[in-house]
Amino acid sequence: MNIYRNIDDLPSFRKTILTIGSFDGVHLGHQSILRRMVTLAKEIGGESVVVTFYPHPRNVVFPNDKKIFLLNSPEEKSEEFRKAGIDHLVIIPFSVEFSQLHPREYIEKFLLAKFNPEFIVLGYDHKFGLNRRGDISMLKNYEKEGNFKVIEINAKEMCIRDRPS
């Protein structure tokens, strides 16, 4: 798995299957997303790309809130992504400036410009952009213009673990 810590050093990904999130812990719901990404990447000959943030966005936006509990350290998260078969991990240095991106700007100047996704795989409750105003329906409005498809992992699917045959 390739790890990138600088947005300016990203390669040109091909046939990108993308997910984005803080991944406070790589729990069963996150594992459902990762499985779907890896399967889809194999099916289309693409590359799975996980975008996460460090430090955790809540630590930046609400620096005095000491209630946040992270299930996995950054190193543990990276190892979980590697074990899941993810091709690329992009760790974005989260900042107050980044938190101010309007959701449309986040889609256009960040997701589309930097990753050129064919598929974006997200949990049903994913939020992004300034004040978490962006959501899956907003992303779906960009599908045609951005030439990508959103795959939403619903609540039930995020709670079901694949059973071996």
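Note that this is a predicted model, so its numbers are computed, not measured. (Residues numbered from 1 in each chain as written. Predicted model: local features only at pLDDT ≥ 70, side-chain atom pairs only at ≥ 80, totals over all residues. Heavy atoms only, no water.)

Trainee: Can you lay out helix H3 (residues 74-84) for me, pointing to particular residues and giving the numbers?
Mentor: Restricting attention to buried positions, one finds in H3 the residues Lys77, Ser78 and Phe81. For H3, the buried positions fall inside an angular range of 100 degrees around the axis, keeping them on one side. Structural note: H3 exposes Glu75 and Lys83 on the side pointing more than 90 degrees away from its buried face. Two residues or fewer past H3, glycine 85 is found with a positive phi of approximately 95 degrees. (Buried < 20%, exposed > 50% of the residue type's maximum accessible area, 1.4 Å probe, protein only. Helix = DSSP H or I, 4+ residues; strand = E, 2+ residues; numbered from the N terminus. Arc of directions from axis to C-beta.)

Trainee: Now, about the side chain of histidine 88: what can you tell me, with residues and values included?
Mentor: Mapped onto the secondary structure, histidine 88 falls in strand S4 (residues 88-93). Among the polar contacts made by the side chain of histidine 88, one reaches the side chain of glutamate 47 at a distance of 2.8 Å. When neighbours within four sequence positions are excluded, histidine 88 is seen to be in contact with Met1, Asn2, Tyr4, Phe13, Glu47, Ser48, Val49 and Val50. (Polar contact = N/O pair within 3.5 Å; in protein donor to acceptor, adjacent residues only side chain to side chain. Contact = heavy atoms within 4.5 Å.)

Trainee: Tell me what's going on with the nonpolar core, and back it up with residues and numbers.
Mentor: By size, the foremost hydrophobic cluster in this structure holds 29 residues, and its most contacted members are Ile20, Val51, Val90, Tyr106, Leu111, Phe115 and Leu139. Sorting the residues of this core by element identifies strand S2 (16-20), strand S3 (47-54), S4, helix H5 (103-115), strand S5 (117-123) and helix H6 (136-141) as the ones contributing at least two each. The element contributing the most residues to this core is H5, with six residues. Counting 17 residues, the second largest nonpolar core, distinct from the first, contains Met37, Val50, Leu89 and Phe119. (Core = buried A, V, L, I, M, F, W, Y, C linked by side-chain atoms within 4.5 Å.)

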